[in-house]
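Examining the three-dimensional arrangement
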Amino acid sequence: MAKPVLFAIDDDSEVLRAVDRDLRREYGEHYRVMRASSGGSALEALEQLKARGTPVALFLVDQRMPHMTGVEFLEQAIPLFPSAKRVLLTAYADTDAAIRAINTARVDYYLLKPWDPPEQCLYPVINDLLADWQATFRPPFEGVRVIGHRWSPEAFQIRDFLARHQVPYHWMDVESDPEAQKMVEGGKDGAGLPLVVLTDGTRLVQPTRGELAEKIGFKTQAEKPFYDLVIVGGGPSGLAAAVYGASEGLRTLMVEGDAPGGQAGTSSRIENYLGFPSGLSGADLTRRGVTQAQRFGVEILTPQEAKALRVEDTYRILTLGDGREVSCHALLIATGVSYRKLDVPGVDRLTGAGVYYGAAMTEAMSCRDEDVYIVGGANSAGQAAMYFSRYARRVVMLVRGDSLNKGMSQYLIDQIGATPNIEVRTHVNVAAVHGEEHLESIDIRDADSGEITNHPARSLFILIGAQPRTQWLEGVVERDERGFIPTGPALTRDGQRPKGWPLDRDPYLLETSVPGVFAAGDVRQGSVKRVASGVGEGSIAISFIHQYLSSI
Ligand SMILES: Cc1cc2nc3c(=O)[nH]c(=O)nc-3n(C[C@H](O)[C@H](O)[C@H](O)COP(=O)(O)OP(=O)(O)OC[C@H]3O[C@@H](n4cnc5c(N)ncnc54)[C@H](O)[C@@H]3O)c2cc1C
């Protein structure tokens, strides 16, 4: 395949030469650097690149050009190369226009001219953007292929698993893709599906998550029997603790039962996390967090579940899903919360076949030009609605309450209000879902009149809140009636330390009823359920863990 292109556009020939020189010097080995002195000539070149199938990784374009501004150019270039990263070159005086362009042309970054020295002002930005681009770029027909029926829950689970572990794959629907039909021995009858074909040609028929994880090379067994710190859960809290723990010298193991990233990993766009003015997707945040943790030497087991905890002297011993044990001195529970189930007739049977928990971003392309229903009225439902509105003909939000205001941030309410193909229906709930092999229709009940109406539908996404998964701590760590874990001052009642507490000090701020066992993030009683607060708690837990370790 031809090298991906970095495209620089500027009408000032001196600036253009300088950009070209700096880009070639740093990226010439892996990328082809192209340049044009106007938006028009760049667009002509792009048409040719498109026809030849050459990918474009990045546009670096001057904002103030005659005939066509940088933003106008990007608006025409994006449909040709939608995944290319977009950097606007601006003078200081144009920064307001550049910030507006973050919304209008989805500009990823604006760089102020001049960018000297490039090692400081240019390369870090471009490196970051190219790493992002590489993570989602799929060269044609290379990588893992997944073949199955669109409505197969098993095929959905495989796609979801690969996507959440950031493994690039190519989905081939056996009903509509002749090449997929050729690849499936035994024809279209569904026998032997879903099929996963790995890059080396290995064919996995109806693989379990464990088989898939092993063949793809994920690690599910710990290298050592003992660690200073074991973290259960790889969402934002767990990842932050892993980064801080390992960077401060603790031998750290992170155990993740599903896929790193947790709930945040399922978010299509987190707009309120500090330092990312144009937002970032949960997948991006996860990839960055995992890379950072691994760089500091954190060992990550995934998918591998914590099943039980016991305490022996100063050791905290964790039993894993495969029956193996791993022990440590300090344990951090960062298991967050998981989706609350919608308990109405038909949902269990059709889950994965048109009914999905969470935003299931793998389904977005399949929903193109269809109606999408979303149950829920909080931020996660709002983000999902915005995301699907880019693909679906119409998105209908089904909200139990009388408005979006209670559970949703104002910026999302505003975005939804300004998106013409999103319809918000309040005071309604889902009464039942119907379909033979996949979702075909939904019964919606009007809470005021009690009237039930039936609506044809092929996709229903459920985002109705969440509950903690802490049953495995039963009888060991104190939990409240809803399963959340109290820590620190919440454990001391009427001046009494928690039952069985053996030490002559109060529990630390994030310490549970068991000394040396800490909790952070959404799973903690009274926590603020946000990415930033999870990251904050995961990080400060490490400081208490140091204090604990120095006392044993
Ligand atoms: C769709 C969506 C959009 C959101 N958008 C935003 C946003 O824009 N801004 C914002 O601030 N917040 C947002 N949130 C909330 C935010 O994602 C959460 O507050 C945050 O992810 C909590 O982090 P956590 O690490 O505590 O838990 P989680 O993210 O829930 O991660 C917990 C992890 O633990 C794992 N786990 C659970 N039990 C076990 C076990 N027994 N063994 C091993 N592993 C286990 C789970 O698989 C999971 O990966 C959003 C949430 C959702 C669902």
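Further up the page is the structure itself.
**Observations regarding the sheet that holds strand E23 (residues 452–456)**
Spatially, E21-E22-E23 is the arrangement adopted by the three strands of the open sheet, whose pairing is antiparallel. Of all the strands in the sheet, the pair left with one neighbour each is strand E21 (428–434) and E23. For this sheet, the mean inter-axis angle between neighbouring strands, taken without regard to orientation, is 30°. In the sheet, E21 pairs with strand E22 (residues 441–446) via six bridges, with the strands oriented antiparallel.

**What about the pattern of salt bridges?**
For the structure shown, the criterion picks out 31 salt bridges. With a closest N to O distance of 3.2 Å, Arg 458 and Glu 370 form a salt bridge. Taken together, the residues Arg 458 in the loop between E23 and strand E24 (459–462) and Glu 370 in the loop between strand E17 (355–357) and strand E18 (371–375) connect sequence positions 88 residues apart. The partner of Glu 474 in a salt bridge is Arg 479, and the shortest N-O contact between them spans 3.1 Å. In this structure Glu 474 comes out as exposed when scored by relative accessible area, which is 57%. Within this structure, Lys 85, Asp 128, Asp 132, Asp 284, Arg 287 and Arg 288 form a network of salt bridges that share partners.

**Focus on helix H10 (residues 236–247)**
For an α-helix, 3.6 residues make a turn, and residues three or four places apart therefore share a direction. Here H10 spans 16 Å end to end across twelve residues, near enough to the 16 Å set by a 1.5 Å rise per residue. Burial runs high along H10: ten of the twelve residues are buried. Looking at H10, one finds that the buried residues are Pro 236, Ser 237, Gly 238, Leu 239, Ala 240, Ala 241, Ala 242, Val 243, Gly 245 and Ala 246. Against strand E10 (226–232), strand E11 (252–255), helix H11 (282–295), strand E15 (325–333) and helix H15 (531–551) lie the buried residues of H10. Positive phi shows up at Gly 249, right after H10, with a value of about 90°.

So, how was this worked out
- Residues numbered from 1 in each chain as written.
- Predicted model: local features only at pLDDT ≥ 70, side-chain atom pairs only at ≥ 80, totals over all residues.
- Heavy atoms only, no water.
- Pairing = 2+ DSSP bridges.
- Helix = DSSP H or I, 4+ residues; strand = E, 2+ residues; numbered from the N terminus.
- Axes fitted to C-alpha atoms, helices over the stretch in contact; angles between N-to-C directions.
- Salt bridge = Lys/Arg side-chain N within 4 Å of Asp/Glu carboxyl O.
- Buried < 20%, exposed > 50% of the residue type's maximum accessible area, 1.4 Å probe, protein only.
- Expected span 1.5 Å × (residues − 1).
- Contact = heavy atoms within 4.5 Å.

Keep in mind these numbers describe shape, not what the thing actually does.
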